[in-house]
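Per-entry structural report
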Amino acid sequence: LRLAGSTLGIWGATATRDIQETYMERHPHHIPLLFMLDVIHGMKTIFPTPLAQAATFHPSLVRQGASIAAAEAAASGVHVTFAPMADLSRDARWGRVMESYGEDTYLTGVMTEETVRGFQSIPSFTSCVKHFAAYGAPTGGRDYQNVELSEHSLREYYLPPYAKGIKAGAGLVMASFNTIEGIPAAGNRWLMRDILRREMKFDGVLISDWGAIHEMVAHGFCENDRTAAKYAMEAGIDIDMASNAYGNHLKDLITSNELEETLLDEAVYRVLRLKNRLGL
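A short tour of the structure in this document, coming up.

1. Focus: the pairing of strand β6 (residues 172–175)
Of the two faces of β6, the one lined by L172 and M174 and the one lined by V173 and A175 are each fully buried. Strand direction decides the pairing type here: strand β4 (residues 126–132) and β6, joined by 3 bridges, are parallel. In the strand pairing of β6, V129 is matched with V173. Sheet topology places β6 next to strand β9 (residues 205–208); 4 bridges connect them, and they run parallel.

2. Overview of the side chain of N188
For N188, the position within the fold is in the loop between β8 (183–184) and α7 (189–199). Within the structure, N188 has its side chain in polar contact with the backbone nitrogen of L191 (distance 3.0 Å). Not counting residues within four places of it along the chain, the set of residues in contact with N188 comprises I180, I183 and A235.

3. Thoughts on empty space enclosed by the protein
For the structure shown, the criterion picks out 1 cavity of 30 Å³ or more. Quantified by volume, the largest cavity comes out at close to 40 Å³. Residues of the lining of the largest cavity, tallied by class, amount to 7 nonpolar, 1 polar and 1 charged.

4. As for the sheet that holds strand β7 (residues 179–180)
Strand order in this open sheet of 3 strands is β5-β7-β8, and the pairing throughout is mixed. Each end of this open sheet is capped by a strand with a single partner; those strands are β5 (146–147) and β8. Pairing analysis gives 2 bridges linking β7 to β8, with the strands arranged antiparallel. The partner of T179 across the bridge, within β8, is P184.

5. Structural notes on the layout of surface pockets
Empty space left among the atoms is revealed by rolling a probe the size of a water molecule over them. In this structure, the largest pocket spans a volume of roughly 1,000 Å³. Taken together, 30 residues form the lining of the largest pocket, with L3, A4, G5, S6 and V268 sitting closest to its centre. Among the elements that line the lining of the largest pocket, the one with the most residues is helix α11 (residues 261–277), at 6 residues. Residues belonging to the lining of the largest pocket are distributed by class as follows: 17 nonpolar, 9 polar and 4 charged. Considering only enclosed or pocket space, the second largest pocket measures out at about 220 Å³ in volume. Around the second largest pocket, the lining comprises 18 residues; the ones closest to its centre are F47, Q53, L61, V62 and G65. Looking at the lining of the second largest pocket, the elements with two or more residues in it are α2 (50–54), α3 (59–75) and α4 (105–119). Looking at the lining of the second largest pocket element by element, the count peaks at 7 residues for α3. Residue composition of the lining of the second largest pocket, by class: 11 nonpolar, 7 polar and no charged.

6. Things to note about the environment of E215
Its place among the elements puts E215 in helix α8 (residues 215–218). As for E215 and A71, which are separated by 144 residues in sequence, their C-alpha atoms are 34 Å apart.

7. A closer look at the pairing of β4
By the criterion of burial, β4 is predominantly enclosed, with 7 of the 7 residues buried. The parallel pair strand β3 (residues 80–81) and β4 is bridged by α4, and the resulting crossover is right-handed.

8. Concerning the pattern of salt bridges
Close approach of charged atoms allows side chains with opposite charge to pair. Considering all chains together, one arrives at 16 salt bridges under this definition. Among the salt bridges present, the one from R155 reaches E151, with a minimum N-O distance of 2.8 Å. Of this pair, R155 and E151 both sit in helix α5 (residues 151–158), 4 residues apart, which is roughly one turn of the helix. Classification of R155 by relative accessible area gives partly exposed; the value is 31%. For E151, a relative accessible area of 45% translates into the label partly exposed. Through salt bridges with shared partners, a single network forms among D38, R96, E99 and K130.

9. Side note on the sheet that holds strand β1 (residues 6–8)
Across the sheet, which stays open at both edges, the 6 strands sit in the order β1-β2-β3-β4-β6-β9 with parallel pairing between neighbours. The two strands at the open ends of the sheet, each matched to only one other strand, are β1 and β9. Direction of pairing for β3 relative to β4: parallel, over a ladder of 2 bridges. Residue pairing for β4: T81 is matched across the bridge by S127. In this fold α7 packs onto β4, β6 and β9, with an angle of close to 135° to the strand it touches most, β4. Against the sheet, α11 contacts β2 (34–37), β4, β6 and β9, and its axis sits at roughly 110° relative to β9.

How each quantity is defined
- Numbering of residues starts from 1 in every chain and runs along the sequence as written.
- Owing to the predicted nature of the model, reporting of local features is limited to residues with pLDDT of at least 70; listing and counting of side-chain atom pairs is limited to 80 or more, with chain, interface and lining totals taken over all residues.
- The basis for every side-chain value is the complete set of heavy atoms in the structure, and neither hydrogens nor water enter the calculation.
- Only protein chains enter the calculation, and the probe is 1.4 Å; a residue is then buried if its accessible area is under 20% of its type maximum, exposed if over 50%, and partly exposed in between.
- Only DSSP runs of H or I with at least four residues qualify as helices, and only runs of E with at least two residues qualify as strands; both kinds are numbered from the N terminus onward.
- Strands are labelled as partners when DSSP assigns at least two bridges between them.
- Within 3.5 Å is the distance limit for a polar contact, defined as a pair of N or O atoms, with the added protein rule that one can donate a hydrogen and the other accept it, and that residues adjacent in sequence qualify only through two side-chain atoms.
- Contacts are assigned to residue pairs that have any heavy atoms within 4.5 Å of one another.
- Only protein atoms enter the 1 Å grid used here, on which a cavity is any set of points holding a 1.4 Å probe that cannot leave and a pocket is any open set flanked by protein within 12 Å on both sides along at least five of seven lines; residues with an atom within 4 Å of a point are listed as lining.
- Grid points are joined across faces, edges and corners, and a volume is the space filled by probe spheres set on the points.
- Amino acids outside the nonpolar list (Ala, Val, Leu, Ile, Met, Phe, Trp, Tyr, Cys, Pro) and the charged list (Asp, Glu, Lys, Arg) are all regarded as polar, and Gly is one of them.
- With the strands pointing away from the viewer, any crossover whose connection runs clockwise from the first strand over the helix to the second is right-handed.
- We define a salt bridge as a contact between a side-chain nitrogen of Lys or Arg and a carboxyl oxygen of Asp or Glu at a distance within 4 Å.
- In this description, a line fitted to the C-alpha atoms serves as the axis of each element, helices being fitted only across the stretch in contact, and the angle between N-to-C directions of two axes falls anywhere from 0 to 180 degrees.

Laid out in structure tokens, this is it:
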């Protein structure tokens, strides 16, 4: 635990304080943990699902709800929420439609922007726009599947809502599970470095969704976790949420000169900058 950088699914002022104090005593550089949680449509106070919020056509009300959720989450020791979900959903067979703002590009972008602003009205709390990119368009509505979109459709309809959230100042972006034209998002340099970083000018923290780095093996894109860790770091993924590919393989990849150490330096810098911004 002393070398972990963040936790998932832990909240409560007493619990987070006790863990943080113990961690700070053991960590060699005394760098605090980030506590991250899915705060989707309320914390203690529960609001309608994002799809229902979008149906109000009331952006300022959505922003107010996100601000309330952020205040309650921050009081519970949480620093990061994995929300809003800016994925456009146009296939009712997809199982996460209720977590989206629906099928309309403009409405989804407006609600994404207002949700980010609401969450980040609390200085010690930040928002993670997810899932980059086009997670809501899997073939046949089958979650984690391949996404088949023309570049025109991707840019005209699916990318603008993420860009709205990024422009609003989201501290993190989460890479999606799906592949686009056979390339998993977590290892897709065109998607992450060219579009997200260069075109959208996102300079915050990029985190994988759960075991998405390991799942590049299941997608048939990487031979093993070691290769997956290399591809993900080269694509610009700063935090491996849960697969352990980074923890198990990055040091060896760097010492064997298969991966540039400067890529790790960039990732570490972005995480430290986020922690500093949140007052940690």
